[in-house]
Amino acid sequence: MCVTAVESRPAGVALTPSPGGHRPFGARIKAFVALTKPRIIELLLITTVPVMFLAAQGVPDLWLVVTTTIGGYLSAGGANALNMYIDRDIDALMDRTSQRPLVTGMVSPRECLAFGIALGVISTVWFGLFVNWLSAALALGALLFYVVVYTMLLKRRTSQNIVWGGIAGCMPVLIGWSAVTNSMSWAAVILFAVIFFWTPPHYWPLSMKVKEDYARVGVPMLPVVASNQVVARQIVVYSWVMVGVSLLLTPLGYTGWFYTLVAVLTGGFWLWEAHGLQNRAKAGVTGAKLKEMRLFHWSITYVSLLFVAVAVDPFLR
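Residues numbered from 1 in each chain as written. Predicted model: local features only at pLDDT ≥ 70, side-chain atom pairs only at ≥ 80, totals over all residues. Heavy atoms only, no water.

## Here we look at the environment of S75
Turning to step 1, where the next piece is worked out: Within the fold, S75 resides in helix α3 (residues 62-86).
Turning to step 2, where the next piece is worked out: When the C-alpha positions of S75 and M208 are compared, they lie 29 Å apart, and in sequence the two are 133 residues distant.
Turning to step 3, where the next piece is worked out: Within the local environment of S75, its side chain forms a polar contact with the backbone oxygen of A139, the two atoms lying 3.4 Å apart. (Helix = DSSP H or I, 4+ residues; strand = E, 2+ residues; numbered from the N terminus. Polar contact = N/O pair within 3.5 Å; in protein donor to acceptor, adjacent residues only side chain to side chain.)

Laid out in structure tokens, this is it:
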């Protein structure tokens, strides 16, 4: 979900790893790691581990945390690899994705497909054997939802792709809770909803920045098919709902004063940034002066701070 620097070359022109098609072992290892999209998985784990602390109302079993983290990485990594396999045609045409391993030729499509499937199978078995089968089912469901529902069915067909496709990114919250309790709770559902309403206003600012990329390949992200004013208004709506939902944990008795304080302060600053973006869009500001990436970068900080507060709060009650 981060914009990466790319070489100055025409989009869609694959790089040749080296003369004669030689692919160094070290570079190949890095390429397979890149298939899992580690930067995105960092965000998923940030929402998994803190929930385990909340579910345990203290420090969860550390071995359980380790096994859940490993399983989560394998499952999300498999989903991301399969996403790259399916999207390899448009990845080759987008500047933002033009250095992904399938585009550069460092990994072949067949290798990527086998790698993604293998990670999916291994992660499911891992969760079942070392965590519990409820968590295994949730992880497998998240993988299938991301690959089939989002990547194959929604992404290239509707501007609401990231809204409903984002459900896959909400699942780590449920996995973290189920890993500790082998059950579900309203606390987990509320945090699931926080991530659900967080995802669109997190991703749409980035989509505004790179909308020409998406337009080039015919992917109807909302900023491609709607004006900046419409996108900014949707961002504000989702932001208000997200902040409101985040405050439900305390009146329901799941969190105390510390979480509430962090949720109010970070949520308030989010709304300030969201309304600032909307005001600039209404004024017809475009280009760098729109400053849409300010909200994108803050969204990552926001979710990190909020879930750290989820983990710390049980110790201060």
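## Focus: the packing of helix α2 (residues 38-56) against helix α15 (residues 292-312)
Turning to step 1, where the next piece is worked out: Where α2 meets α15, the axes come as close as 7 Å, and the angle between the chain directions of the two elements is 20°. Compared by their axis directions, α2 and α15 come out roughly parallel. Where α2 crosses over α15, the handedness of that crossing is left-handed. Mapping the contact onto sequence places L43, I46, T47, P50, V51, F53 and L54 in α2 and I300, V303, S304, F307, V310 and A311 in α15.
Turning to step 2, where the next piece is worked out: A per-class count over the contact of α2 with α15 returns eleven nonpolar, two polar and no charged. (Axes fitted to C-alpha atoms, helices over the stretch in contact; angles between N-to-C directions. Parallel < 35°, antiparallel > 145°, perpendicular 65-115°, else oblique. Left-handed = near helix turned anticlockwise from the far one by under 90°. Contact = heavy atoms within 4.5 Å. Nonpolar A, V, L, I, M, F, W, Y, C, P; charged D, E, K, R; others polar.)

## Considerations on the environment of S108
Turning to step 1, where the next piece is worked out: With respect to the secondary-structure elements, S108 resides in the loop between α5 (101-104) and α6 (109-130).
Turning to step 2, where the next piece is worked out: By relative accessible area, S108 is classed as partly exposed at 23%.
Turning to step 3, where the next piece is worked out: Between the C-alpha atom of S108 and that of Y85, which follows or precedes it by 23 residues, the distance is 9.2 Å.
Turning to step 4, where the next piece is worked out: Not counting chain neighbours up to four residues away, the residues in contact with S108 comprise R23 and L102. (Buried < 20%, exposed > 50% of the residue type's maximum accessible area, 1.4 Å probe, protein only.)

## Things to note about the nonpolar core
Turning to step 1, where the next piece is worked out: Grouped together as the largest cluster of nonpolar side chains are 81 residues, with contacts concentrated most on L191, W198, W204, I235, W270, Y302 and F307.
Turning to step 2, where the next piece is worked out: Broken down by element, this core gets its largest block of residues, 14 residues, from helix α10 (residues 186-209).
Turning to step 3, where the next piece is worked out: Setting aside chain neighbours within four positions, we find W270 in contact with W198, P201, H202, S239, M242, L295, W298, S299 and Y302. (Core = buried A, V, L, I, M, F, W, Y, C linked by side-chain atoms within 4.5 Å.)

## A short note on the side chain of D313
Turning to step 1, where the next piece is worked out: Along the chain, the position of D313 falls in the segment after α15.
Turning to step 2, where the next piece is worked out: A polar atom in the side chain of D313 sits 2.9 Å from the backbone nitrogen of Y259.

## Quick notes on the packing of aromatic side chains
By convention here, two paired aromatic rings are described through the distance between centres and the angle between planes.
Turning to step 1, where the next piece is worked out: Summed over the entire model, instances satisfying the criterion amount to eleven aromatic pairs.
Turning to step 2, where the next piece is worked out: Judged by centre distance (6.2 Å) and plane angle (45°), the rings of F197 and Y238 are tilted. Of this pair, F197 sits in helix α10 while Y238 sits in helix α13 (residues 228-246), and the two are 41 residues apart along the sequence.
Turning to step 3, where the next piece is worked out: Accessibility expressed as a relative area gives 14% for Y238, which makes it buried. (Phe/Tyr/Trp six-rings, centres within 6.5 Å; stacked < 30°, edge-to-face > 60°.)

## Quick look at the pattern of salt bridges
Turning to step 1, where the next piece is worked out: For the coordinates displayed, the defined rule picks out eight salt bridges.
Turning to step 2, where the next piece is worked out: In this structure, D89 engages R156 in a salt bridge whose closest nitrogen and oxygen atoms are separated by 2.9 Å. Separated by 67 residues along the polypeptide, D89 in helix α4 (residues 88-91) and R156 in the loop between α7 (133-154) and α8 (161-165) bring together distant segments of the chain.
Turning to step 3, where the next piece is worked out: The class for D89 is partly exposed, based on a relative accessible area of 40%.
Turning to step 4, where the next piece is worked out: In this structure R156 comes out as partly exposed when scored by relative accessible area, which is 33%.
Turning to step 5, where the next piece is worked out: Of the charged contacts, one joins R216 and D95 as a salt bridge, the two residues approaching to 3.7 Å between their closest N and O atoms. In this pair, R216 is assigned in helix α11 (residues 211-217) and D95 in the loop between α4 and α5, connecting sequence segments 121 residues apart.
Turning to step 6, where the next piece is worked out: The class of D95 is partly exposed, set by a relative accessible area of 31%. (Salt bridge = Lys/Arg side-chain N within 4 Å of Asp/Glu carboxyl O.)

## Let's talk about the packing of helix α1 (residues 25-35) against α3
Turning to step 1, where the next piece is worked out: Running from N to C, α1 and α3 cross one another at 95°; their axes reach a closest spacing of 7 Å. As the angle between them shows, α1 and α3 are arranged roughly perpendicular. Between α1 and α3, the contacting residues are V33, A34 and L35 on the first element and Y73, G77, N80, A81 and M84 on the second.
Turning to step 2, where the next piece is worked out: The residue inventory of the contact of α1 with α3, partitioned by class, reads six nonpolar, two polar and no charged.

So far we have only geometry, and geometry alone does not tell us how the molecule works.
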